[in-house]
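Commentary on secondary and tertiary structure
If you want the building blocks of each chain, they are given just below.
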Amino acid sequence: MRFGIQIEPQFGFTYEDVRDIARDAESRGFTGLWVSDHLFLDPNATGTNCLEAWTLLAALARETRTLRLGTMVTAVSYRNPALLAKIAAGIDAMSGGRLEFGIGAGWKQVEYRAYGYEFPPPKVRIDQMVDAIEICLRMWRDERATYRGKYHSVEDALCMPKPAQKPKLPVWIGGSKPRMLTIMARYADGVNINGGPTLEVYTAAMKTLDEACRAAGRDPGQIGRSHFASCVVAETRRELDAVLDEVAGRATMTRDEWRRAHTAAIVGTPDEVVERLRGFAKVGCSYFLPVFPYQKERQMLRVVAEHVMPQLA
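What comes next concerns the included structure. (Residues numbered from 1 in each chain as written. Predicted model: local features only at pLDDT ≥ 70, side-chain atom pairs only at ≥ 80, totals over all residues. Heavy atoms only, no water.)

Details of the overall build of the protein chain
Stated formally: The secondary structure listing takes helices from DSSP runs of H or I that are at least 4 residues long and strands from runs of E that are at least 2 residues long, numbered from the N terminus. Atoms counted for the radius of gyration: C-alpha only. Globule rule: 2.2 Å times the number of residues to the power 0.38. The buried label goes to any residue with under 20% of its type's maximum accessible area, the exposed label to any with over 50%, and the partly exposed label to all in between, with areas taken from a 1.4 Å probe on protein chains only. Note on contacts: a residue pair qualifies if any of its non-hydrogen atoms lie within 4.5 Å across the two residues. Note on areas: these come from Shrake-Rupley sampling with a 1.4 Å probe, and a residue is covered only by the protein chains present in the view. In this tally Asp and Glu are treated as negative and Lys and Arg as positive; neither His nor the chain ends contributes. Here the site of a charge means atom NZ of a Lys, CZ of an Arg, CG of an Asp or CD of a Glu.
When helices and strands are counted, the protein chain shows 11 helices and 12 strands. Whereas a compact globule of 313 residues would reach a radius of gyration of roughly 20 Å, the protein chain reaches 19 Å, a difference of no more than 12%. Projected onto its principal axes, the C-alpha coordinates of the protein chain cover approximately 60 × 45 × 40 Å. Relative to its 313 residues, the protein chain shows a buried fraction of 56%. Considering only contacts in the protein chain between residues 6 or more positions apart, those separated by 24 or more positions represent 72%. Accessible surface, the protein chain: about 13,900 Å² in total, of which carbon and sulfur atoms supply 51%. Each charge sign in the protein chain was given a centre, from 41 positive and 38 negative side chains, and these centres are 4 Å apart.

Here it is in structure tokens:
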């Protein structure tokens, strides 16, 4: 199993915060750093930072050397697909071929309304995502890209520089609905099941994905499978309880209330975390993307690198 780290810029990170986490993750042998694509945390977060995802990745591309960088996942509605293709190609070139291109149909309606984006029904957003993927693939590959879709089209669109990775950027698709899994089977190099699912939900999704791959004539083994989940890990039970008390306190909950509300979270001492992750590995997960409690990232990177990763490498 590989390990990355998921950062939620909407939680309030400064650029320096994320840069230092990225450098730490790189030095400790993590595969990648991923960022969510949001515009703000909630309508009341007037004083909370939320760095724009692609701007952040562009900066990190020059601050790191081996760490792979990606969006988990870009909301298709926030950027014109041709512009998105060009942004991604440029960042891949700037990073020396280290970009992972994550895309999804978008969901956070409060952001759409605040920024003046239309928020169509899920079927439309999914169709828009398919158009965007088709446009990106053509622009990364062709000298002049032309595509006419249901919602998005390009004609003789140029994209230079091309991505450093050939023949294209790795495409990761995030989602969970049956139609999304069918689209994953067609286009994805990697997938992430939305919502930090329980092992039971994740297992069912993997079976559906395998069936969709077979229906599409594709080897299911060609698709990487990640698990993105809240994670709280500490070396001792006492340290773990102290962190849980702090995290629960931020949510005005007790420790037990927080755990009941987050049953899918990966919580425990290193051996307990390893045991939970082995369950996901058995059903196909090959890449774990923890979301650590805000401002505990570097502390938990160390614990995972020293005590969890060696058992699951």
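Describing the packing of helix α5 (residues 122-141) against helix α6 (residues 178-187)
Stated precisely, the cut-off is as follows: Inter-axis angles, ranging from 0 to 180 degrees, are taken between N-to-C directions of lines fitted to C-alpha atoms, where helices are fitted over the stretch in contact. For classification, angles of less than 35 degrees are called roughly parallel, those exceeding 145 degrees roughly antiparallel, those between 65 and 115 degrees roughly perpendicular, and all remaining angles oblique. Here the nonpolar group is Ala, Val, Leu, Ile, Met, Phe, Trp, Tyr, Cys and Pro; Asp, Glu, Lys and Arg are the charged ones; every other residue, Gly included, is treated as polar.
Two numbers describe how α5 lies on α6: the axes approach to 11 Å, and their chain directions differ by 10 degrees. With respect to their mutual orientation, α5 and α6 come out roughly parallel. Only R179, M180, I183, R186 and Y187 of α6 make contact with α5, whose side of the interface consists of K123, I126, D127, M129, V130, I133, E134 and L137. Class assignment of the residues belonging to the contact of α5 with α6 gives a composition of eight nonpolar, no polar and five charged.

Brief notes about the pattern of salt bridges
Let me state the cut-off plainly: Salt-bridge detection follows one rule: a side-chain nitrogen of Lys or Arg within 4 Å of a carboxyl oxygen of Asp or Glu.
Counting across every chain of the model gives 25 salt bridges. Linking R19 and D20 is a salt bridge whose minimum nitrogen-to-oxygen distance equals 3.1 Å. The class for D20 is partly exposed, based on a relative accessible area of 24%. Here D127 makes a salt bridge to K123, at a shortest N to O gap of 3.1 Å. Taken together, the positions of D127 and K123, both in helix α5 and four residues apart, correspond to about one turn of that helix. Note on D127: relative accessible area 5%, which makes it buried. Each of the salt bridges in this network shares a partner with another, and the network as a whole consists of D24, R28, E235, R298, R302 and E306.

Remarks on the packing of aromatic side chains
For clarity, the cut-off: Side-chain rings of Phe, Tyr and Trp (the six-membered ring for Trp) are treated as a pair once their centres are within 6.5 Å; stacked means planes under 30 degrees apart, edge-to-face means over 60, and tilted covers the remaining angles.
Tallying each qualifying case throughout the model produces 13 aromatic pairs. Seen in terms of ring centroids, W34 and Y287 are 6.1 Å apart; in terms of plane orientation they differ by 65 degrees. Their pairing is edge-to-face. Placement of W34 in strand β2 (residues 32-35) and of Y287 in strand β12 (residues 287-291) is noted, with a sequence separation of 253 residues between them. Look at Y202 and F280: their rings are 5.3 Å apart centre to centre, the planes differ by 75 degrees, and that puts the pair in the edge-to-face class. You can see Y202 sitting in helix α7 (residues 199-215) and its partner F280 sitting in helix α10 (residues 270-282), a full 78 residues away along the chain. Given the relative accessible area of 1%, F280 is considered buried.

What about the side chain of E297?
Here is the rule we go by: Identification of polar contacts relies on pairs of N or O atoms within 3.5 Å, with a donor-acceptor requirement for protein atoms, meaning one able to donate a hydrogen and the other able to accept it, and with residues adjacent in sequence counted only if both atoms are side-chain atoms.
Mapped onto the elements, E297 comes out in helix α11 (residues 297-312). The buried charged residue E297 lacks any salt bridge, with R250 as its nearest oppositely charged partner at 7.1 Å. Looking at E297, its side chain comes within polar contact range of the main-chain nitrogen of Q295, at 2.9 Å.

Let's talk about the packing of α10 against α11
The line we're drawing: Crossing handedness is read from the near helix: turned anticlockwise from the far helix by less than a right angle, it gives a left-handed crossing, and turned clockwise, a right-handed one.
Across the interface, α10 lies against α11 with an axial gap of 10 Å and an inter-helix angle of 45 degrees. Taken together, the axis directions place α10 and α11 in an arrangement best described as oblique. Considering how the two elements wind past one another, α10 and α11 form a crossing that is right-handed. Residues P270, D271, V273, V274, L277 and R278 of α10 pack against V303, H307, V308, Q311 and L312 of α11. Tallied by class, the residues present in the contact of α10 with α11 amount to seven nonpolar, two polar and two charged.

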